Amino acid sequence: MEEKNLLQILSHFDINGKVQSVKPLGNGLINDTYKVETEDKNTPDYVLQRINNAIFTDVELLQNNIKQVTCHIRKKLEEKGENDIERKVLTFIKADTNKTYLQDADGKYWRVSQFIPDAQTFETVNAEYSYAAGLAFGEFEASLVDLPEQLGETIPNFHNMELRINQLHEAVEKDPVKRLETVKEMVTEIEKHAFEMCKAERLYREGKLPKRICHCDTKVNNMMFDKDGNILCVIDLDTVMPSFIFSDYGDFLRTGANFTSEDDPDMSRVGFNMDIFRAFTKGYLTSASRFLLPIEIENLPYAAALFPFMQCVRFLTDYINGDIYYKIKYKEHNLDRAKNQLHLFNSVCEHNKDMVHFIEDCISQQPKEYEKI
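Residues numbered from 1 in each chain as written. Predicted model: local features only at pLDDT ≥ 70, side-chain atom pairs only at ≥ 80, totals over all residues. Heavy atoms only, no water.

Enquirer: Please clarify how the sheet that holds strand β9 (residues 231-234) should be interpreted in this entry.
Expert: Whenever strands of a sheet pair, they do so through backbone hydrogen bonds, lying parallel or antiparallel. An order of β6-β8-β9 is seen for the 3 strands of this open sheet, with the pairing classed as antiparallel. Strands with a single pairing partner mark the edges of an open sheet, and in this sheet they are β6 (119-120) and β9. Examined bridge by bridge, strand β8 (residues 223-226) and β9 share 3 bridges and lie antiparallel to one another. Across the sheet, Met 223 pairs through a bridge with Val 234, a residue of β9. Contacts from helix α3 (residues 127-143) reach β8 and β9, with the element oriented near 115 degrees to β8. (Pairing = 2+ DSSP bridges. Helix = DSSP H or I, 4+ residues; strand = E, 2+ residues; numbered from the N terminus. Contact = heavy atoms within 4.5 Å. Axes fitted to C-alpha atoms, helices over the stretch in contact; angles between N-to-C directions.)

Enquirer: Help me understand the layout of surface pockets, please; the structure alone is not making it clear to me.
Expert: To locate leftover empty space, one rolls a probe as large as a water molecule over the atoms. Considering only enclosed or pocket space, the second largest pocket measures out at about 550 Å³ in volume. Taken together, 23 residues make up the lining of the second largest pocket; nearest its centre are Ile 73, Leu 77, Lys 80, Glu 139 and Leu 232. Taken together, the elements giving at least two residues each to the lining of the second largest pocket come down to α2 (59-79), α3 and β9. A total of 6 residues in the lining of the second largest pocket trace back to one element, the largest contributor, which is α3. (1 Å grid on protein atoms, 1.4 Å probe; cavity = no way out; pocket = protein on both sides within 12 Å on 5 of 7 lines; lining within 4 Å. Points joined across faces, edges and corners; volume = space filled by probe spheres on them.)

Enquirer: Teacher, can you tell me more about unusual backbone geometry here?
Expert: Leaving glycine out, the prevailing phi sign among residues is negative, and the prevailing peptide bond configuration is trans. A positive phi angle, near 60 degrees, is found at Asp 84, a position not held by glycine. One can find Asp 84 in the loop between α2 and β4 (102-103). Of note in this structure, Asp 175 is not a glycine but carries a positive phi near 40 degrees. Relative to the assigned elements, Asp 175 resides in the loop between α4 (161-174) and α5 (184-197).

Enquirer: Before we go on, may I ask you to explain empty space enclosed by the protein in this structure?
Expert: Considering all chains together, one arrives at 1 cavity of 30 Å³ or more under this definition. In this structure, the largest cavity occupies an estimated 60 Å³ of space. Elements with a minimum of two residues in the lining of the largest cavity: α6 (199-205), α7 (246-256) and α10 (300-321). In terms of residue class, the lining of the largest cavity is made up of 8 nonpolar, 3 polar and 1 charged. (Nonpolar A, V, L, I, M, F, W, Y, C, P; charged D, E, K, R; others polar.)

Enquirer: Just to check I follow, could you spell out the confidence of the model for the chain for this structure?
Expert: Where the model shows low pLDDT, its predicted coordinates should not be examined in detail. On average, residues of the chain score 93 in pLDDT, and 97% of them reach the 70 mark or higher. Note that pLDDT drops below 50 for residues 369-373; the model gives that stretch 11 contacts with residues more than four away or on any other chain. (pLDDT = per-residue confidence, 0-100.)

Enquirer: Help me understand the packing of α4 against α10 in this model?
Expert: A pair of packed helices is captured by two measures, namely the crossing angle of their axes and the spacing between those axes. At a minimum axis distance of 9 Å, the contact between α4 and α10 shows a crossing angle of 25 degrees. Here α4 lies roughly parallel to α10, going by the angle between them. For the element pair α4 and α10, the recorded crossing hand is left-handed. On α10, the residues touching Met 161, Arg 164, Ile 165, Gln 167, Leu 168, Ala 171 and Val 172 of α4 are Leu 306, Phe 309, Met 310, Val 313, Arg 314, Leu 316, Thr 317, Ile 320 and Asn 321. Among the residues forming the contact of α4 with α10, the class breakdown is 11 nonpolar, 3 polar and 2 charged. (Parallel < 35°, antiparallel > 145°, perpendicular 65-115°, else oblique. Left-handed = near helix turned anticlockwise from the far one by under 90°.)

Enquirer: Which parts of the structure should I look at to understand α2?
Expert: For an α-helix, 3.6 residues make a turn, and residues three or four places apart therefore share a direction. When the terminal C-alpha atoms of α2 are compared, their 30 Å separation across 21 residues agrees well with the 30 Å that a helix rising 1.5 Å per residue should span. Among the residues of α2, those classed as buried are Val 59, Leu 62, Gln 63, Asn 65, Ile 66, Gln 68, Val 69, Thr 70, His 72, Ile 73, Arg 74 and Leu 77. Along its buried surface, α2 packs onto β3 (46-51), β5 (109-114), α3 and β10 (241-243). Phi turns positive, to about 75 degrees, at Gly 81, one or two residues after α2. (Expected span 1.5 Å × (residues − 1). Buried < 20%, exposed > 50% of the residue type's maximum accessible area, 1.4 Å probe, protein only.)

In structure tokens form, the structure reads like this:
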């Protein structure tokens, strides 16, 4: 997009200082993002972002969620007497509509947040950063346990396993591009585990499992660190919504604890990395055990298995349907992805006893003064 058009959009937001430049920032797959530099060193820089309303269809709900979450975290930081708060929570700028977003003449939605200086993200998934991720996302959930406002789902049924199984059943029944014959064995194997993997929804209906405010996109690069490697804050809040804590726990391990990428066709390279599991779990339970219920803790191994299983179902469904959802690079891409995730699922299940014992050890080492919220 031309800079003059971006400047026109920025003119509607209550930013301080004169804009010096607007340049693309990062490599996000969903939203278009730009860094806005101001001329005066005493005024902050900003981040301008186009909200992808094809994915986040209710922008008002999306921005209200983010507002409630950031205001609540800011209040908590102030109550604790934290310093440098502007770098420890995202700050969104109001537009002349008195909202934290703007719809332009072309129907596109935009928002502006304050740029966090002297901060960095990391792409590397190792034990050190996995521990930091677990600690940060657990603390993020803990800080929102007492959020007074009810948030909406920015992507309804985002991690609903029952829905994903039903979608697979529909694809199998219709078999629109006649691929079912080649994947019948995979479908049969998935069906063997389907009931158990839908356990979260059943426990929720029975009133045994709560929904929390979760991040729902727990990647290492969704945390900001200062130059000394200390965690500043969690970012990328578009998917923050009510969900089971399994979403934050299991989704990180699905991507972070696989020895290889999710589309690697060589199954000999696919497997569950217990070093990453231990590091992330230790960090997560250090910050989250003070509010988690026993039923949530005892089902963390289930969560680790749930997310590769869910992603396997989604990839296979798309393959049977003719590759209409995920972008593919070759004909069997979605099938290779599905096989990869099924292999990872089986690897996770093989480590179930080790996971249970490690989690029990972590809980036994937590400070006794932690009270359940």
